[in-house]
Amino acid sequence: MTISVTYTPAQASGNDVAVAFPFTFKVFAQDDLVVILTDALGVNTTQAITTDYTVSLNSDQNNNPGGTVTMLTAPATGETLIITRVLEEIQETDITNGGGFYPEVLENALDRLTMLNQQNTATTNRALVAPLAEASIDTLPSIVDRASKYLAFDADGNPVATAGTSSDLIATPFAETLLDDADAAAA
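Since we're looking at a predicted model, the values are computed, not measured.

**Considerations on the layout of surface pockets**
Moving on, step 1. One number sums up the size of the largest pocket: a volume of about 310 Å³.
Moving on, step 2. What lines the largest pocket is a set of 15 residues, and nearest its centre among them are P9, I36, I82, T84 and R126.
Moving on, step 3. Looking at the lining of the largest pocket, the elements that each hand over two or more residues are β1 (10-13), β7 (80-85) and α1 (103-124).

Structure (structure tokens):
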């Protein structure tokens, strides 16, 4: 199979009734899928196979990729279901000298590489990225250093964690009001 389309995770809105959700991207096994339920507040919960859902894969993933995820409980109205592919980053194909040449084995290995590349692209598309002209950007502060703080940028444009007052940041008058006035921030 050629991977001739851009990978897009399947996404569906809950309606308290529907339990079957199709997806149309190639996977090698049901374990290649991750199912995430996002509640109305935006909290993501990774679902567990057999506990929260089952998977039925189309039998010919090369000519008819995808399958159906069936939730054991219908997602509620206001919830969103995301079905995504997360391949383990390993290379399992072993091509030996003097062995038979099986084009499908080689094609599956190339498909896997393309799928991993698509998976990595989908991840970096959701990340903060420095412009190409910049050689790099400093690493984010550690989880301990940024807990309960705001992400800001220092005078050199590098990320810092700050407790966040208007004297620490260059802010608009509206943002200053929110940062400095607990009553305004709560409104």
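That covers the picture; the talk isn't over yet.
**Let's talk about unusual backbone geometry**
Moving on, step 1. Here the phi dihedral of T50 falls at roughly 70 degrees; this positive angle occurs in a residue that is not glycine.
Moving on, step 2. Position of T50 among the secondary structure elements: in the loop between β4 (44-46) and β5 (53-57).
Moving on, step 3. The exposure class of T50 is exposed, given its relative accessible area of 60%.
Moving on, step 4. The backbone of S148 sits at a positive phi, close to 60 degrees, despite the residue not being glycine.
Moving on, step 5. Along the polypeptide, S148 turns up in the loop between α2 (143-146) and β8 (150-153).

**Description of the environment of D32**
Moving on, step 1. The residue D32 is located in the loop between β2 (20-23) and β3 (33-38) in this model.
Moving on, step 2. With 53 residues separating them along the chain, D32 and R85 place their C-alpha atoms 5.6 Å apart.
Moving on, step 3. Look past the residues within four positions of D32 in its chain and what remains in contact with it is V27, T84, R85, V86 and L87.
Moving on, step 4. Here the side chain of D32 touches F28 through a polar contact of 2.9 Å, landing on its backbone nitrogen.

**Notes on the environment of L81**
Moving on, step 1. Tracing the backbone through its elements, the reader meets L81 in strand β7.
Moving on, step 2. Here L81 falls in the buried class, since its relative accessible area comes to 2%.
Moving on, step 3. Between the alpha carbons of L81 and F21 there is a distance of 8.6 Å; along the sequence they are 60 residues apart.
Moving on, step 4. Those residues in contact with L81 that sit more than four places away from it in its chain are A10, Q11, A12, F21, V35, I36, L37 and M71.

**Remarks on the packing of aromatic side chains**
Moving on, step 1. One pass over the structure, following the stated rule, counts 1 aromatic pair.
Moving on, step 2. Taking 5.1 Å as the distance between ring centres and 40 degrees as the angle between the ring planes, the aromatic pair formed by F23 and F25 counts as tilted. In terms of burial, F23 and F25 fall into one category: buried.

**So, the pattern of salt bridges**
Moving on, step 1. Per the counting criterion, the structure on display carries 1 salt bridge.
Moving on, step 2. Salt-bridge contacts for K26 lead to D111; the nearest nitrogen and oxygen are separated by 2.8 Å. Taken together, the residues span a long stretch of sequence, with K26 in the loop between β2 and β3 and D111 in helix α1 at a distance of 85 residues. In terms of burial, K26 and D111 fall into one category: buried.

**Here's the deal with the sheet that holds β5**
Moving on, step 1. The 3 strands are arranged β2-β6-β5 in an open sheet whose pairing can be described as antiparallel. The sheet is open, and its two edges are formed by β2 and β5, each paired on a single side. Within the sheet, the average angular offset between the axes of one strand and its neighbour, ignoring direction, is 20 degrees.
Moving on, step 2. Summarising the sheet, β5 and strand β6 (residues 67-71) pair through 5 bridges and their orientation is antiparallel. Across the sheet, residue L57 finds its bridge partner in β6, namely G67.

**A word on the nonpolar core**
Moving on, step 1. Grouped together as the largest cluster of nonpolar side chains are 16 residues, with contacts concentrated most on F23, L33, V69 and I83.
Moving on, step 2. Element by element, the count of residues in this core is highest for β3, at 3 residues.
Moving on, step 3. Excluding anything up to four places from it in sequence, F23 contacts A10, L33, L57, P65, G66, G67, T68, V69 and I83.

**A closer look at the sheet that holds β1**
Moving on, step 1. Pairing is antiparallel in the open sheet, where 4 strands are placed in the order β1-β7-β3-β4. Because the sheet does not close on itself, it has two edges, and the strands there are β1 and β4. With strand direction ignored, the average angle separating the axes of adjacent strands in the sheet is 20 degrees.
Moving on, step 2. In this sheet, β7 lies alongside β1 in antiparallel orientation, the contact comprising 4 bridges. In the sheet register, A12 faces β7, and the bridge partner there is L81.

Basis of the calculations
- Residues numbered from 1 in each chain as written.
- Predicted model: local features only at pLDDT ≥ 70, side-chain atom pairs only at ≥ 80, totals over all residues.
- Heavy atoms only, no water.
- 1 Å grid on protein atoms, 1.4 Å probe; cavity = no way out; pocket = protein on both sides within 12 Å on 5 of 7 lines; lining within 4 Å.
- Points joined across faces, edges and corners; volume = space filled by probe spheres on them.
- Helix = DSSP H or I, 4+ residues; strand = E, 2+ residues; numbered from the N terminus.
- Buried < 20%, exposed > 50% of the residue type's maximum accessible area, 1.4 Å probe, protein only.
- Contact = heavy atoms within 4.5 Å.
- Polar contact = N/O pair within 3.5 Å; in protein donor to acceptor, adjacent residues only side chain to side chain.
- Phe/Tyr/Trp six-rings, centres within 6.5 Å; stacked < 30°, edge-to-face > 60°.
- Salt bridge = Lys/Arg side-chain N within 4 Å of Asp/Glu carboxyl O.
- Pairing = 2+ DSSP bridges.
- Axes fitted to C-alpha atoms, helices over the stretch in contact; angles between N-to-C directions.
- Core = buried A, V, L, I, M, F, W, Y, C linked by side-chain atoms within 4.5 Å.

Nothing here speaks to function; it is geometry throughout.
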